[in-house]
Amino acid sequence: MPGIDECLIEVMRLPGARGAAVVDWTSGLALGTIGESPNGDHEATAAETAEVARMAAEQPVFAQAEAPAGPAGPPAPAVEDVIVTTAPGYHILRFVETAFDSSVFLHLWLDRAEGNLALARIKLGEIAERLVLA
């Protein structure tokens, strides 16, 4: 099972990938980064995307679909991913289920002209399922 660095390398193999990060959405800290950052600063990007992830994950309208607790621990956020589209690209925030508190997400910055949003979303989900946080 791959760790953070291996997962980020795999994410960057997606067509159109410009940059990626694993972020803790409760603290806004980047646990790992690779490639470019939309604003040139991976830490600032992590903090900004964490705000978006936190807002989506904590909204009652989305919590209604919250998955029950499983054998791995507490329930995962009801939100699987958040997609933000911009003129030049896409930002996909994919929540990662963990054994502890499930407050981690993968952020992929995808070039709109070169990337495939549907493929990236599917692959990011597969990568998130295999990610091991130690």
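### Some points on the pairing of strand E4 (residues 89-96)
Logical step 1: Of all eight residues in E4, eight are buried; the element is thus mostly enclosed.
Logical step 2: Residues Gly89, His91, Leu93 and Phe95 of E4 are buried on one face, and the alternating residues Tyr90, Ile92, Arg94 and Val96, pointing to the opposite face, are buried as well.
Logical step 3: Of the strand pairs in this sheet, strand E3 (residues 81-85) and E4 are connected by five bridges, and their pairing is antiparallel. Looking at E4, one finds that Thr85 is bridged to Tyr90.
Logical step 4: The turn joining E3 and E4, which pair antiparallel and follow one another in sequence, is formed by three residues.
Logical step 5: Here E4 pairs with strand E5 (residues 104-111) via eight bridges, running antiparallel. Within the sheet, the bridge partner assigned to Val96 lies in E5 and is Val104.

### Regarding the confidence of the model for the protein chain
Logical step 1: Mean pLDDT over the protein chain stands at 88; residues scoring 70 or higher make up 85%.
Logical step 2: Element-level pLDDT for the protein chain is lowest in helix H3 (residues 60-63), with a mean of 78, against a maximum mean of 97 in strand E1 (residues 17-24).

### So, empty space enclosed by the protein
Logical step 1: Applying the stated criterion to the full structure yields one cavity of 30 Å³ or more.
Logical step 2: Here the largest cavity defines a volume of roughly 60 Å³.
Logical step 3: What lines the largest cavity is Gly19, Ala20, Ala21, Glu36, Ser37, Pro38, His42, Thr45, His107 and Trp109.
Logical step 4: Of all the elements in the fold, those that place two or more residues in the lining of the largest cavity are E1, helix H2 (42-57) and E5.
Logical step 5: Considering every element that reaches the lining of the largest cavity, the biggest residue donor is E1, with three residues.
Logical step 6: Considering only residue class, the lining of the largest cavity consists of four nonpolar, five polar and one charged.

### Quick notes on helix H1 (residues 4-12)
Logical step 1: Those residues of H1 that fall on the buried side of the exposure criterion are Ile4, Cys7, Leu8 and Val11. Seen from one end, H1 has its buried residues packed into an arc of 100 degrees, which puts them on one side.
Logical step 2: Buried residues along H1 sit in contact with E1, strand E2 (29-35), E5 and helix H4 (117-130).

Rules used throughout
Residues numbered from 1 in each chain as written. Predicted model: local features only at pLDDT ≥ 70, side-chain atom pairs only at ≥ 80, totals over all residues. Heavy atoms only, no water. Buried < 20%, exposed > 50% of the residue type's maximum accessible area, 1.4 Å probe, protein only. Helix = DSSP H or I, 4+ residues; strand = E, 2+ residues; numbered from the N terminus. Pairing = 2+ DSSP bridges. pLDDT = per-residue confidence, 0-100. 1 Å grid on protein atoms, 1.4 Å probe; cavity = no way out; pocket = protein on both sides within 12 Å on 5 of 7 lines; lining within 4 Å. Points joined across faces, edges and corners; volume = space filled by probe spheres on them. Nonpolar A, V, L, I, M, F, W, Y, C, P; charged D, E, K, R; others polar. Arc of directions from axis to C-beta. Contact = heavy atoms within 4.5 Å.

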